[in-house]
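# Structure at a glance
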Amino acid sequence: MKKLYILLAVGASVMMSACSDFLDREPMTTPNSETFLSNASAVNNYINGLYIALPSFGTYDMGVRGEEKNSDNIVAEVYDKRLNGELLETGGGTAEWQNGYQNLRNVNYFFEYYKVPEAEETKDVLSLKGEAYFFRAYWHFYLLTRFGSIPVMDKFWDGNATVAGLQIPPRDRSAVAQFIIDDLKTAKNLLYSRSQYKGLRICKEAAIIMAMRVALYEGTWEKYHKGTDFAAAEDKSTDLLGQVLTLGDELFAMGLSLNTKDNDKKFVSKEDAYAHLFNSKDLSDMTEVVFWKKYSIADGVTHNLSSNLGAGYVDNSGAAGLAQSLIDNYLNADGSFIDPNDEIYKDFNLTFKERDARLLATVMHSGCKFKSTSPESKSKAMFVDEYSDENKQKVRPPYLTESGPARNATGYHIRMSIDTTYVSGQGETSLPIIRYAEALLAYAEAAEELDKCDPNVLERTLKPLRERAGVTYTAPAEIDPNFTDFGYPISAKLQEIRRERRSELALQGFRLDDLMRWRAHKLIQGKRGTGAYFGADGVLYKAFDPKTAVDLKTILTTDGWLDPQKEVLPRGYQFDSSRDYLLPIPPSELSLNHELEQNPGWQRK
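Residues numbered from 1 in each chain as written. Predicted model: local features only at pLDDT ≥ 70, side-chain atom pairs only at ≥ 80, totals over all residues. Heavy atoms only, no water.

### Brief notes about the overall build of the protein
Note the cut-off: Helix and strand labels come from DSSP, where a helix needs a run of H or I of at least four residues and a strand needs a run of E of at least two; each type is numbered from the N terminus. Radius of gyration: C-alpha atoms only; globule rule: 2.2 Å multiplied by the number of residues to the exponent 0.38. Exposure categories follow from relative accessible area, calculated using a 1.4 Å probe and restricted to protein chains: below 20% of the type maximum is buried, above 50% is exposed, and the middle band is partly exposed. In this description, contact between two residues means that some pair of their heavy atoms is separated by no more than 4.5 Å. Positive charges are assigned to Lys and Arg, negative charges to Asp and Glu, while His and the chain termini are left out of the count. Every charge is mapped onto a representative atom, which is NZ of Lys, CZ of Arg, CG of Asp or CD of Glu.
Along its length, the protein carries 19 helices and four strands. At 24 Å, the protein has a C-alpha radius of gyration in line with the 25 Å of a compact globule built from 605 residues. Based on the C-alpha atoms only, the size of the protein along its principal axes is roughly 75 × 55 × 50 Å. Buried positions account for 58% of the 605 residues belonging to the protein. Here the analysis covers contacts within the protein between residues at least 6 apart in sequence; of these, 75% occur between residues at least 24 apart. Treating the 71 positive side-chain charges of the protein as one cloud and the 85 negative ones as another, the clouds have centres 2 Å apart.

Rendered as structure tokens:
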């Protein structure tokens with residue numbers, strides 16, 4: 001296999017514009033469309049180019065790891081405008097619409113001009129074709145989660161490059177979801193299994209998990225948005241959730257396993273089995289990671305995440321930090337709920353004591369280095385203790401007094417993906433894109449939504465995830481009075497499945513989609529994220545030189561917790577639940593395609 005991470009150029013001729021630009025675009029004449037995709041080498045090179053647009057760690061920014069400032073997981077002073085209801089009809093969804101349809105056009109170019117003779121369609125070529133079906137599904141799902149009902153680009157639209165030809169009606173969102181799932185099922189039947197390329201290419205297992213993701217998303221969206229302006233024309237939730245279980249049963253027979261202390265050769269600390277999924281350079285032998293992106297200094301493909309995390313960044317745009325509500329989501333190691341009102345959580349260090357190991361792997365705490373654990377490193381570990389002249393060289397609290405993006409706003413830095421073998425600014429830690437753990441969570445959630453989540457299901461899904469995190473498993477039976485209030489009742493089992501999603505999938509780009517499909521605006525409206533306790537009686541406050549710490553008292557809640565958005569969001573987020581669940585369709589698209597209708601709440605008055 002050629003290394004796809006160095007095959008980045010297919011040619012600028014395929015990076016074209018969305019449907020509103022079709023009338024002005026340059027013809028796609030280079031390379032020759034009649035012969036370009038007529039052999040295995042050309043197909044391989046073209047498909048490799050489609051990988052470029054997938055999620056990544058940014059060359060300069062945080063990439064995926066800082067994305068969740070669009071949710072309640074990250075508190076950022078440069079806050080998310082959608083959460084605050086500040087998007088405008090003009091421009092509010094333009095970039096996303098163009099990005100989705102540009103990438104779909106690139107994929108459909110492949111299908112339009114694929115000319116490999118049947119006799120030369122080897123398993124390699126057919127698997128590449130399966131990757132193309134995956135990409136087409138991926139970008140339709142990208143658009144579905146942002147715009148709902150959309151025109152399905154199931155073929156190359158260049159033949160429609162007239163005003164009349166572009167009058168393409170949207171399909172109802174449930175039909176879009178089923179089209180995506182069907183594409184993924186087609187992909188699954190063509191693709192190699194993970195073992196062929198060790199997860200470096202899209203594989204059969206990745207297609208199945210992606211299909212489970214889509215079916216769960218749309219099934220729960222239709223259930224919780226039923227009766228609103230965002231509902232599907234016909235409620236297909238039961239059928240869609242049933243498909244999650246069918247797909248999951250197929251996946252369970254394919255031999256995947258979680259990374260645990262029993263199969264992780266580098267396991268030392270209790271958080272390592274989870275942490276190594278994110279701070280390793282090579283994930284080839286971790287079958288849990290069915291699809292991942294490799295970075296390599298030798299191959300010239302690196303990222304800047306290591307430097308950013310080492311500098312304390314959570315958001316490249318400005319001061320930010322992980323939210324206290326995320327910290328409070330993690331259970332005690334004995335499986336019991338925490339009480340966030342307990343006085344012990346005013347102690348920064350006790351916050352991490354005897355907790356779910358994923359909290360330790362995700363959030364910086366005393367004893368963790370921002371950069372390296374290698375002997376030659378001069379990097380000091382975070383150490384929160386009372387500041388004094390005698391120990392001031394040892395104490396290293398969170399970066400609450402730094403400037404710009406290096407200033408932590410909540411006291412909670414990101415530990416996930418910190419390179420423990422840090423040498424230079426060129427990051428090589430790999431990026432897991434699709435994991436088996438997601439499938440376990442999707443299966444459990446769909447089963448509970450269908451009232452089929454019996455003890456066997458939980459022992460197959462929830463139990464291994466908790467045990468991997470060092471949490472004693474007990475079957476969910478009680479409602480946690482301090483758990484998130486969604487504005488409607490949920491069962492104890494669903495409560496714990498949703499808790500598990502937040503803990504297992506934190507900082508991996510899932511949280512906003514979860515909040516949207518669960519119709520969870522009550523978690524957003526009038527709320528803003530807070531941080532660690534910084535009262536004068538707390539160890540975090542005492543870890544600073546008193547002359548420095550006093551300057552931070554203007555950003556506290558009345559009872560002493562860090563409140564970094566107090567001035568910029570005095571009323572909390574002003575999310576408009578009658579509008580902001582979907583982005584506005586760009587007005588230019590509405591003017592061009594009269595079959596489209598603007599999404600709810602965005603219509604001009």
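Next comes the rest of the write-up.
### Notes on unusual backbone geometry
Look at serine 417: it is not a glycine, yet its phi comes out positive at around 85°. On the secondary structure map, serine 417 appears in the loop between helix H11 (357-362) and strand S4 (431-435). Note on serine 417: relative accessible area 1%, which makes it buried. The backbone of leucine 507 sits at a positive phi, close to 65°, despite the residue not being glycine.

### Some words on the nonpolar core
The following threshold applies: By convention a nonpolar core is built from buried Ala, Val, Leu, Ile, Met, Phe, Trp, Tyr and Cys residues, the set being connected through side-chain atoms within 4.5 Å.
Ile47, Phe134, Phe135, Met212 and Met516 are the most contacted members of the largest nonpolar core, which totals 117 residues. For this core, the element with the highest residue contribution is helix H3 (residues 123-147), accounting for 14 residues. Residues within four places of phenylalanine 134 in sequence aside, it is in contact with Leu184, Ala187, Ile202, Ala206, Ala207, Met210 and Ile434. Residues Ile74, Leu283, Phe348 and Tyr399 belong to the second largest nonpolar core, which totals 57 residues.

### Let's talk about helix H4 (residues 173-190)
The following threshold applies: Each residue after the first adds 1.5 Å to the expected span of a helix.
With 18 residues, H4 extends 26 Å between its outermost C-alpha atoms, agreeing within 8% with the 26 Å of an ideal straight helix rising 1.5 Å per residue. Those residues of H4 that fall on the buried side of the exposure criterion are Arg173, Ser174, Val176, Ala177, Phe179, Ile180, Ile181, Asp183, Leu184, Ala187 and Lys188. Where the residues of H4 are buried, they touch H3, helix H6 (204-224) and helix H7 (237-252).

### Considering the side chain of aspartate 563
Tracing the backbone shows aspartate 563 in the loop between helix H18 (546-549) and helix H19 (587-592). The class for aspartate 563 is buried, based on a relative accessible area of 3%. Once residues lying within four places of it in the same chain are set aside, the contact partners of aspartate 563 are Arg528, Gly529, Thr530, Ile555, Leu556 and Thr557.

### Comments concerning helix H2 (residues 94-113)
Because each turn of an α-helix spans 3.6 residues, side chains separated by three or four positions end up pointing in the same direction. Its 20 residues place the ends of H2 28 Å apart at the C-alpha level, agreeing with the 28 Å of an ideal helix rising 1.5 Å per residue. Trp97, Gly100, Tyr101, Asn103, Leu104, Arg105, Asn106, Val107, Asn108, Tyr109, Phe110 and Tyr113 are the residues of H2 that are buried. Contacts from the buried residues of H2 go to helix H1 (40-50), H3 and H19.

### As for the pattern of salt bridges
How we decide: Any Lys or Arg side-chain nitrogen found within 4 Å of a carboxyl oxygen on Asp or Glu counts as a salt bridge.
Enumeration over the complete set of coordinates arrives at 35 salt bridges. Across the salt bridge formed by glutamate 343 and lysine 346, the nearest N and O atoms sit 3.4 Å from each other. One salt bridge connects arginine 499 with aspartate 480, and the closest N-O pair in it is separated by 2.9 Å. Taken together, the residues arginine 499 in helix H15 (residues 492-504) and aspartate 480 in the loop between helix H14 (462-468) and H15 connect sequence positions 19 residues apart. For arginine 499, a relative accessible area of 2% puts it in the buried group. Connected via shared salt-bridge partners are Glu288, Asp356, Arg358, Arg435, Arg466, Arg468, Asp480, Glu496, Arg499, Glu500 and Glu504.

### Here's the deal with the pairing of strand S2 (residues 289-293)
Short version of the rule: By the convention used here, strands pair only if DSSP detects at least 2 bridges between them.
Taking burial as the measure, the five residues of S2 include four buried ones, the bulk of the element. Two elements, S2 and S4, share four bridges in a ladder whose sense is antiparallel. Bridge pairing in S4 links valine 289 to arginine 435.

### Remarks on the packing of H3 against H4
Counted only if it meets this: Only the stretch in contact is used when a helix axis is fitted, and all axes are lines through C-alpha atoms; the angle between N-to-C directions ranges over 0 to 180 degrees. With respect to orientation, any angle under 35 degrees is reported as roughly parallel, any angle over 145 as roughly antiparallel, any angle of 65 to 115 as roughly perpendicular, and every other angle as oblique. The hand of a helix crossing depends on one turn: near helix anticlockwise from the far one by less than a right angle means left-handed, and clockwise means right-handed. Basically, the charged four are Asp, Glu, Lys and Arg, the nonpolar ten are Ala, Val, Leu, Ile, Met, Phe, Trp, Tyr, Cys and Pro, and anything else, Gly included, counts as polar.
Relative to each other, H3 and H4 sit at 160°, their axes nearing to 8 Å. As summarised for this structure, H3 and H4 are arranged roughly antiparallel, according to the angle between their axes. Read as a crossing pair, H3 and H4 show a hand that is left-handed. Residues Leu126, Ser127, Lys129, Gly130, Tyr133, Phe134, Arg136, Ala137, His140, Phe141 and Leu144 of H3 touch H4, and the partners they reach there are Arg173, Val176, Ala177, Phe179, Ile180, Asp183, Leu184, Thr186, Ala187 and Leu190. In terms of residue class, the contact of H3 with H4 is built from 13 nonpolar, four polar and four charged.

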